Amino acid sequence: MMILGIETSCDDTGAAILREQSILSNIVSTQIVHKNFGGIVPELASRAHIQAIVPVVQEALNQSNCSLNDVDGIAVTYGPGLAGSLLVGLSVSKGLAQSLNIPFIGVNHLEGHIWANKLVRSELEPPFIVLIVSGGHTQLVYVKGWGHYQMLGRTRDDAAGEAFDKVGKLLNLGFPGGPVIEKTARDGRGDAISFPRAFLEKGSLDFSFSGLKTAVLNHVRALNPAELETRIPDIARCFQDAVVDVLVQKTISAAEKMKVKQICLAGGVAVNGVLQKHMKAACDKAGYQVFWPTPDLCADNGAMIARTGLFYLSQQIHSLNNLNPVPTLNFTHDAI
Ligand code: KG4
Ligand code: ZN
């Protein structure tokens, strides 16, 4: 089975071709237009998807030496995400599927991030805990079986990636904040500042990063410009350590609670080397196996959507042509 996967939920236009589980191509065009605004501007995002979608799909076909006639099914993200952005991928997918007379399936973007782990580790099987950490989401999910998900905890305010992006902006490091904070933090001292860690009430697997963000803001405001300049690496380091600490401890608690032996990471923040290192150390100590996808599969991409679609389409599960974008789609129920 040959699947075309399309992803346009946020600021990346992605298309990929999979032949069964093998990635033949995985093309991503990341929108740079938002850099000037320090965050994603939804209207600009949908316009940029409209411009990029056809060339990106064409490039995915070219690189895989396929034509549209070779494709047996189309998988596309229908939520969560920005309504206008989702609409672009969904409309193109519906149009292609109808004209080619092949099935299409709407995929939950977060489920796609989970399946990215299966693309790099084909032997991975549930049960496992996955920590999804991206620009829009921070969730701990218990994967009982493929297609069966139970959300154990989520952020009550900012997502982890969003906190990185906001602190990056606060420190004048540019957008997105994650990669540049990780780089800047390498020159910082871990004991320089004691930022708060929000563990919330006993036993809670929810997250909250807004208090940490405010603590960074207050710290920055108390410094004069010259002091701030010299303290940026320390602030970046201590902020990152505080985020990582909470993510690691809550993930281990989730694995203990659900009595699983495997943990996966997913989403754009999962490429963070400090998170990976600390998660690995904690898992080694507690006797859990831990995995994460390669950087190109941690970030938003069409291959993870195609892989999720393959699972459903191979069981003859597909969507109807009246499927609409669901910007707030979540894991509140089993399956999609
Ligand atoms: O999954 P993703 O590509 O898009 C969403 O679905 O949101 O995640 C993007 C997020 C951004 O907030 C970005 O700052 C963060 O991932 N990120 C990182 C790193 N690289 C990207 N956060 C921390 N450390 C990194 N190295
Ligand atoms: Zn994502």
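Residues numbered from 1 in each chain as written. Chains lettered and ligands numbered in written order. Predicted model: local features only at pLDDT ≥ 70, side-chain atom pairs only at ≥ 80, totals over all residues. Heavy atoms only, no water.

## Considerations on the coordination of the zinc ion (ligand 2)
The coordination sphere of the zinc ion (ligand 2), as far as protein atoms go, consists of H109 (NE2), H113 (NE2) and D300 (OD), spread over 2.0 to 2.1 Å. Viewed at the metal, the four donor atoms of the zinc ion (ligand 2) are separated by angles of 93 to 150°, and the geometry they form is irregular. (Donors = N, O, S within 2.8 Å, 3.2 Å for Na, K, Ca; no water. Tetrahedral: all angles 85-135°; square planar, octahedral: opposite > 155°, others 65-115°.)

## Describing the pattern of salt bridges
Taken as a whole, this structure holds 14 salt bridges when the rule is applied. In this structure, E123 and R121 form a salt bridge, with 3.8 Å as the shortest nitrogen-oxygen distance. R121 gets classed as partly exposed once you look at its relative accessible area, which sits at 28%. Its salt-bridge partner being D158, residue K166 comes within 3.1 Å of it at the nearest N-O pair. Overall, K166 belongs to the partly exposed group, its relative accessible area being 32%. Within this structure, D158, E162, K166 and K213 form a network of salt bridges that share partners. (Salt bridge = Lys/Arg side-chain N within 4 Å of Asp/Glu carboxyl O. Buried < 20%, exposed > 50% of the residue type's maximum accessible area, 1.4 Å probe, protein only.)

## What to know about helix α1 (residues 42-63)
Between its terminal C-alpha atoms α1 stretches 30 Å, which fits the 32 Å expected from 22 residues at 1.5 Å a residue. Roughly 40° is the biggest bend found in α1, and it falls at A52, with proline P55 one to four residues downstream. Listing the buried residues of α1 in full gives A45, S46, A48, H49, A52, I53, V56, V57, A60 and L61. (Helix = DSSP H or I, 4+ residues; strand = E, 2+ residues; numbered from the N terminus. Expected span 1.5 Å × (residues − 1). Bend = angle between axes of the 7 residues up to and from the residue.)

## Overview of the site of ligand 1
Close contacts around ligand 1 come from 20 residues, with G135, D165, E182, G268 and N272 the closest. G268 places a polar main-chain atom, nitrogen or oxygen, 2.9 Å from an oxygen atom of ligand 1. Alone, ligand 1 offers 560 Å² of accessible surface; in the complex the protein occludes 88% of this. The set of elements that each furnish at least two residues to the shell around ligand 1 consists of α3 (109-120), α4 (160-170) and α5 (177-185). Residue contributions to the shell around ligand 1 peak at four residues, all from α5. Tallied by class, the residues present in the shell around ligand 1 amount to six nonpolar, eleven polar and three charged. (Near = heavy atom within 4 Å. Polar contact = N/O pair within 3.5 Å; in protein donor to acceptor, adjacent residues only side chain to side chain. Areas by Shrake-Rupley, 256 points an atom, 1.4 Å probe, with all protein chains shown as cover. Nonpolar A, V, L, I, M, F, W, Y, C, P; charged D, E, K, R; others polar.)

## Side note on the sheet that holds strand β4 (residues 73-79)
Across the sheet, which stays open at both edges, the five strands sit in the order β3-β2-β1-β4-β5 with mixed pairing between neighbours. Looking at which strands have only one partner, the edges of the open sheet turn out to be β3 (22-30) and β5 (104-108). For this sheet the average axis-to-axis angle between neighbouring strands, irrespective of direction, equals 20°. Direction of pairing for strand β1 (residues 2-7) relative to β4: parallel, over a ladder of four bridges. Bridge pairing in β4 links I3 to G73. Each of β1, β2 (12-19) and β3 is contacted by α1, which is oriented at about 25° to β2, the strand it contacts most. Packed onto the sheet, helix α10 (residues 302-313) meets β1, β2, β3, β4 and β5 and runs at close to 130° relative to β1. (Pairing = 2+ DSSP bridges. Axes fitted to C-alpha atoms, helices over the stretch in contact; angles between N-to-C directions. Contact = heavy atoms within 4.5 Å.)

## As for the environment of I232
By the element assignment, I232 lies in helix α7 (residues 225-258). Judged by relative accessible area, which is 11%, I232 ranks as buried. Sequence-wise, I232 and P103 are 129 residues apart; in three dimensions their C-alpha atoms are separated by 52 Å. Apart from the residues within four sequence positions on either side, I232 is in contact with L171, L173 and T184.

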